[in-house]
Amino acid sequence: MTSTIGTRIVLVGPTSSGKTTLADRLGTALGLPSTDLDALYWKPGWVGAEDDEWHPRLRALAAGEGWVVAGNYIRHTMPNLWPRAETIVWLDLPLRVVLPRVLRRSWRRSRSRELLWGTNVERFWPQLKFWDPKSLVGYAIQTRVRMRNHMVATMANPAFARVRFVRLRSPAEIEAFTRAIEGACHSPS
Amino acid sequence: MSHAAPPRSPIGTRIAIIGNTSAGKSTLAARLARALDAPFVELDALNFEPGWRALAEHDPHEFVRRVREATQGDAWVVAGGYQSLTQDLYWDRLHTVIWLDPPLQRVLPRVLSRSWRRWRSKELLWGTNYERFWPQLRFWGPDSLLWYAVTTQRRKHDATIAAMADPRWSHIRFLRLTSFAEVDAFVAGVERSVAPRAAAPTTEEAR
């Protein structure tokens, strides 16, 4: 079936913006598989995949006819995944919404020792080092400006002239948009 | 039609710019029209008759006729929303909607400074009208732009989000810009793409 946002959808946004949750919801609504790039990238011991393994994986994913993919990795996805995307949904949430979520989620995960993507366990205290770009808090702050500059440049890039951009800026907007997509999918027409 | 489509426009050739009052719609539309060599259409200019008589209210047929005439070509950049009328007129042919969405605290001072400047200079707007200043200040008044900017913001937001999810408009790219710095960066990107010496994009061609 075709939807307003097509059948190949990328979700980007800061950490804890709700990319994976929304990917699952849209995947369910549109009848498409959803993928979390973190699960595709991380190996045990928080070791990331090497480019020569990572890029073919992204291209294989991109080759599919329908998918909802959650995750940034923009330097890698822009050449390997985005050219096949029909819509890029950008969850552009303000830091005051995102930061408390980062902390709550890290705390919960570190307490429960939940195994993430079958490979890794969350650490909590290192995430608080806001001056360290490797901490989630530092990462959220530093990537913010870079992400905005990058997305605005992509909107004006002829190579992506056929990609729709859906920029949502609050949890209420995300909810309204998602409901509208779900509603359109369930309507008899 | 002398307005041939520039070959590498990243935003197509039929473009509407929507957003709150004083968000910078006309300025952006004029810049893009120049970059794309397309006519610039200002809906306010088509709407307001002398004495601030709004055709869209008093004579919608004439307004529709004017808008239709201005948007019959293959390339144009329209500044202004008027969605309840224009969606039936040209949204099915739109390539791109650019949604200027700066925060209200940036918009409101611009409403005042623009009204003040236009009122002082007695600039003739669209050849028909002169700006009024004092009515804009009356927050509660029906003619106040301030009142308009604040009260319509929420409703227009909701309507635009709904339009982005509406299957009727799935052919339209909605590009939302939320600061004047973003607008500048975006226009610079478009101008670079359509410039004759534009470098080939470094990424693979989409599909």
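Residues numbered from 1 in each chain as written. Chains lettered and ligands numbered in written order. Predicted model: local features only at pLDDT ≥ 70, side-chain atom pairs only at ≥ 80, totals over all residues.

### So, the overall build of chain A
Secondary structure assignment for chain A yields 7 helices and 9 strands. Radius of gyration (C-alpha) of chain A: 17 Å, near the 16 Å computed for a compact globule of 189 residues. Counting the 189 residues in chain A, one finds 37% classified as buried. Residue pairs in contact within chain A that sit at least 24 positions apart in sequence constitute 69% of those at least 6 positions apart. (Helix = DSSP H or I, 4+ residues; strand = E, 2+ residues; numbered from the N terminus. Rg over C-alpha atoms; globule rule 2.2 N^0.38 Å. Buried ≥ 20, exposed ≤ 12 C-beta atoms within 10 Å, placed from the backbone. Contact = placed C-beta atoms within 7 Å.)

### Describing the pairing of strand E5 (residues 67-70) of chain A
All names here are of chain A. Burial along E5 is two-sided: the face carrying Trp-67 and Val-69 and the face carrying Val-68 and Ala-70 are both buried. Alignment of strand E2 (residues 34-36) against E5, held across 3 bridges, turns out to be parallel. Of the residues in E5, the one forming a bridge with Thr-35 is Val-69. (Pairing = 2+ DSSP bridges.)

### Some words on the nonpolar core
Residues Leu-11 of chain A together with Ile-17, Val-77 and Val-78 of chain B are the most contacted members of the largest nonpolar core, which totals 87 residues. Every residue in contact with Val-78 of chain B, bar those within four places of it in the chain, is listed here: Ile-15, Ala-16, Ile-17, Ala-29, Val-41, Leu-43 and Thr-71 of chain B. (Core = buried A, V, L, I, M, F, W, Y, C linked by C-beta atoms within 7 Å.)

### Some words on the sheet that holds E5 of chain A
Paired through backbone hydrogen bonds, the strands of a sheet run either parallel or antiparallel to each other. Residue and element names in this part refer to chain A. Taken together, 5 strands build an open sheet; the order of strands is E2-E5-E1-E6-E9 and the sheet is parallel. Edge positions in the sheet fall to E2 and strand E9 (164-168), since each has one partner strand and no second. Each strand of the sheet is rotated relative to its neighbour by a mean of 15°, with strand direction disregarded. Looking at chain direction, strand E1 (residues 8-12) and E5 are connected through 4 bridges and run parallel. For Val-10, the partnering residue across the bridge sits in E5 and is Val-69. Strands in contact with helix H1 (residues 19-30) are E1, E2, E5 and strand E6 (87-91); relative to E5, the strand with the most contacts, it is inclined by about 170°. (Axes fitted to C-alpha atoms, helices over the stretch in contact; angles between N-to-C directions.)

### What about the sheet that holds strand E9 (residues 173-177) of chain B?
Residues and elements named next belong to chain B. Strand order in the open sheet made by the 5 strands is E2-E5-E1-E6-E9, with parallel pairing throughout. Only two strands of the sheet have a single neighbouring strand rather than two, namely strand E2 (40-42) and E9. Across the sheet, the axes of successive neighbouring strands diverge by a mean angle of 20°, strand direction being ignored. As paired elements, strand E1 (residues 14-19) and strand E5 (residues 76-79) share 4 bridges and run parallel to each other. Its bridge partner being in E5, Ile-15 is matched across the sheet by Val-77.

### As for the interface of chain B and chain A
At the junction of the two partners, chain B supplies 26 residues and chain A supplies 27 residues. Of all the elements, helix H9 (residues 180-194) of chain B adds the most residues to the side of chain B that touches chain A, at 6 residues. Looking at side-chain class alone, the side of chain B that touches chain A contains 13 nonpolar, 4 polar and 9 charged residues. (Nonpolar A, V, L, I, M, F, W, Y, C, P; charged D, E, K, R; others polar.)

### Side note on the confidence of the model for chain B
Residue and element names in this part refer to chain B. Averaged over every residue, the pLDDT of chain B is 83; the share at 70 or more is 85%. Low confidence marks residues 1-6, where pLDDT is under 50. Its contacts with residues over four positions away, or in another chain, come to 13 contacts. A low-confidence stretch, residues 203-207 (pLDDT under 50), is modelled with 14 contacts involving residues beyond four sequence positions or located in other chains. Model confidence for the complex is summarised by a pTM of 0.84, with the ipTM given as 0.83. (pLDDT = per-residue confidence, 0-100.)

### Regarding helix H8 (residues 145-164) of chain B
Residue and element names in this part refer to chain B. The first and last C-alpha atoms of H8 sit 26 Å apart over 20 residues, in line with the 28 Å expected at 1.5 Å per residue. The axis of H8 is deflected most strongly, by about 45°, at Gln-153. Those residues of H8 lying buried are Leu-145, Leu-146, Ile-161, Ala-163 and Met-164. (Expected span 1.5 Å × (residues − 1). Bend = angle between axes of the 7 residues up to and from the residue.)

### Brief notes about unusual backbone geometry
Residues and elements named next belong to chain B. Unlike most non-glycine residues, Ser-22 shows phi in positive territory, near 65°. The topology assignment puts Ser-22 in the loop between E1 and helix H1 (25-36). Ser-22 sits in the buried class, given 22 other C-beta atoms within 10 Å. Positive phi, normally seen in glycine, also occurs at Tyr-82, with a value near 50°. Position of Tyr-82 among the secondary structure elements: in the loop between E5 and helix H5 (83-86). Judged by the 19 C-beta atoms lying within 10 Å of it, Tyr-82 is partly exposed.

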